[in-house]
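# A look at the structure
Each chain, written out:
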Amino acid sequence: MANTIQPQVDGPLMIEGDVEVYDANGTLIGKDARMWLCRCGRSAKKPFCDGAHGRTGFADAARVAADYVIKKPEPGTTPAATLRLTLRACGPAHCFGDARIVGKDGSAWRGCQANLCRCGQSANKPFCDGTHRSAGFRD
């Protein structure tokens, strides 16, 4: 199964594939073929969604910037088949591994590394733009 991340309109990230989530200390906190991660920044179960987006008025059209690139793979290397998400303390989720991110409008991105917004404030959702620092995001 291909690793796919789908931002939901006004909601969480639905992630499907071979997915592992690690906390900032490197401890595995989730491994599943499907999971829902908070992207509004208000879940009481961070990094997992608890439905807070519906209670807090989180709004996002779930579009994806296809030209977003954090780092291209080194020539001759193959990205890992397992999608590993490592949570940065009070910051984004760093994705490492072959993945595609598909927006509800058909927009898409494919790559091997990305930083995903967890605070809900990025102007470049689902990608992090560093706004978590000024927004005071805590997890």
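If you're wondering where the values come from, they're calculated on a predicted model, not measured in any experiment.

Counted by the stated rule, this structure contains eight salt bridges. Linking K31 and D18 is a salt bridge whose minimum nitrogen-to-oxygen distance equals 3.6 Å. Note that K31 is positioned in strand β3 (residues 28-37) and D18 in strand β2 (residues 13-22), a separation of 13 residues in sequence. Across the pair E20 and K31 runs a salt bridge whose closest N-O atoms are separated by 3.1 Å. Of this pair, E20 sits in strand β2 while K31 sits in strand β3, and the two are eleven residues apart along the sequence. The exposure class assigned to E20 is buried, which follows from its relative accessible area of 14%. One salt-bridge network, in which partners are shared between bridges, spans D18, E20 and K31.

Residues apart from glycine generally show negative phi values, whereas peptide bonds are mostly found in trans. Cis geometry is adopted by the peptide bond preceding P47, which originates at K46 and carries an omega value of 15°. Here the amide bond leading from K125 into P126 is cis, since omega sits at 10°, within 30 degrees of zero. Here P126 lies in the loop between β6 (108-116) and α2 (131-135). Of note in this structure, D10 is not a glycine but carries a positive phi near 55°. Secondary-structure assignment places D10 in the loop between β1 (4-7) and β2. The exposure class of D10 is partly exposed, given its relative accessible area of 33%. Non-glycine residue C90 carries a positive phi angle of around 55°. Owing to a relative accessible area of 23%, C90 belongs among the partly exposed residues under this scheme.

A word on the side chain of H132. Along the chain, H132 falls in helix α2. In this structure H132 comes out as buried when scored by relative accessible area, which is 9%.

As for its position among the elements, N124 is in the loop between β6 and α2. Sequence separation of N124 and V64 is 60 residues, and the distance between their C-alpha atoms is 8.2 Å.

So, on to the state of the cysteines. Evaluation of the coordinates by the stated rule reveals zero disulfides. Cysteine C119 remains unbridged, with the sulfur of C117 as its closest cysteine sulfur at 3.8 Å. A relative accessible area of 8% places C119 in the buried class.

Judged from the eight bridges that link them, β2 and β3 form a sheet pairing that is antiparallel. Counted as the bridge partner of I15 is M35 from β3. Connecting β2 to the antiparallel partner β3 that follows it, the hairpin turn spans five residues, and G26 within it adopts a positive phi of roughly 90°.

The subject of this paragraph is the packing of aromatic side chains. Applying the stated criterion across every chain, the model contains one aromatic pair. Where W109 meets F127, the ring centres are 5.7 Å apart and the plane angle is 70°; that geometry is what we call edge-to-face. Note that W109 is positioned in strand β6 and F127 in the loop between β6 and α2, a separation of 18 residues in sequence. As far as the burial class goes, W109 and F127 line up, both buried. Its end group placed over the ring of Y22, R84 keeps NZ or CZ at 3.7 Å from the ring centre.

How each quantity is defined
Residues numbered from 1 in each chain as written. Predicted model: local features only at pLDDT ≥ 70, side-chain atom pairs only at ≥ 80, totals over all residues. Heavy atoms only, no water. Salt bridge = Lys/Arg side-chain N within 4 Å of Asp/Glu carboxyl O. Helix = DSSP H or I, 4+ residues; strand = E, 2+ residues; numbered from the N terminus. Buried < 20%, exposed > 50% of the residue type's maximum accessible area, 1.4 Å probe, protein only. Disulfide = S-S within 2.5 Å. Pairing = 2+ DSSP bridges. Phe/Tyr/Trp six-rings, centres within 6.5 Å; stacked < 30°, edge-to-face > 60°. Lys NZ or Arg CZ within 6 Å of the ring centre and 35° of its normal.

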